[in-house]
Structure formats: C-alpha cells, structure tokens
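Residue strings, one per chain:
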Amino acid sequence: MALTVQNFIKLANLYNQMTLVMSAICVQKGGIAMENYAGRFFLADVLEYVYEYGRRLLEANKNAVPANVVAVIEKFGAQYERVKDLVTPTQKPIYEMTLEEFERFMNI
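Computed from a prediction, not measured in an experiment: that's the story for all the values here. (Residues numbered from 1 in each chain as written. Predicted model: local features only at pLDDT ≥ 70, side-chain atom pairs only at ≥ 80, totals over all residues. Heavy atoms only, no water.)

Topic: the nonpolar core
Here is step 1 of the chain: One finds Phe8, Tyr15, Val50, Val65, Val69 and Phe76 to be the most contacted residues of the largest nonpolar core, which totals 24 residues.
Here is step 2 of the chain: Elements represented by at least two residues in this core include exactly α1 (5–28), α2 (40–60) and α3 (67–83).
Here is step 3 of the chain: In contact with Val69, not counting residues within four places along its chain, are Val5, Phe8 and Ile9. (Core = buried A, V, L, I, M, F, W, Y, C linked by side-chain atoms within 4.5 Å. Buried < 20%, exposed > 50% of the residue type's maximum accessible area, 1.4 Å probe, protein only. Helix = DSSP H or I, 4+ residues; strand = E, 2+ residues; numbered from the N terminus. Contact = heavy atoms within 4.5 Å.)

Quick notes on the layout of surface pockets
One water molecule sets the probe size; rolling that probe over the atoms shows where empty space is left.
Here is step 1 of the chain: Roughly 350 Å³ of volume is contained in the largest pocket.
Here is step 2 of the chain: Of all the elements in the fold, those that place two or more residues in the lining of the largest pocket are α1 and α2.
Here is step 3 of the chain: In terms of residue count, the dominant contributor to the lining of the largest pocket is α2 (6 residues).
Here is step 4 of the chain: Partitioning the lining of the largest pocket into residue classes produces 13 nonpolar, 2 polar and 2 charged.
Here is step 5 of the chain: Of the pockets and cavities examined, the second largest pocket occupies roughly 260 Å³.
Here is step 6 of the chain: If you go around the second largest pocket, you meet 13 residues; those closest to its centre are Tyr15, Met22, Arg40, Leu43 and Val83.
Here is step 7 of the chain: Elements represented by at least two residues in the lining of the second largest pocket include exactly α1, α2 and α3.
Here is step 8 of the chain: A per-element tally of the lining of the second largest pocket places α2 first, with 4 residues.
Here is step 9 of the chain: Residues of the lining of the second largest pocket, tallied by class, amount to 8 nonpolar, 2 polar and 3 charged. (1 Å grid on protein atoms, 1.4 Å probe; cavity = no way out; pocket = protein on both sides within 12 Å on 5 of 7 lines; lining within 4 Å. Points joined across faces, edges and corners; volume = space filled by probe spheres on them. Nonpolar A, V, L, I, M, F, W, Y, C, P; charged D, E, K, R; others polar.)

This is the structure we're talking about:
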C-alpha cells in the first residue's frame, strides 16, 4: 500500500467506524464499560497500525500532508499513547513485517 493521504483517510475512517461499532456492542451487551470489552485489544492494534501509517506518511511527505490530516495523526498519536499497553506484543511490530513474515506469524 503506497503511503498516500487518501489511504490514510480510508484507514482513519475504518478506525472511527470500528469505535462506533464497539460502542454499539457495549451498549447492546447491557451497557458494559468499553474498558471491559474484549475487543479493545483488537481496536488498540488497529489504532497502532493507523497511527504508524500516518507517522510514516508525515515522515515521507511532510510538506504534502494537509494541516487537518496532520491534526488527525497527532490525535491518533495521543490516543495510541493511552492504549499502547493493550496492543499485541511481538518481536517485530506488524507494520514492519514483510508479507512472508506476517503469514508465518499468523500460520497462514
């Protein structure tokens, strides 16, 4: 996936939609707190990926990224700092793995 602003926006929208779904699931299950929902670990992994994508986008194209997108990346960075202890630990972060390493890691 090429590092582009459009791809980042798609990933950011995916993350935002997932948070809405997670909220709806928590309400549907009797109003459980989001901190007690098992899906929070997956959502933390998604946030890690989206934030890292945005960080690398800024690194590669600092002047080509609009200010509003930079603000979203910074917001995701702050959110990630709050939940980084929930992400799945690996020897190497998923966003740094090659496809072959990921397939081997996932036993595909």
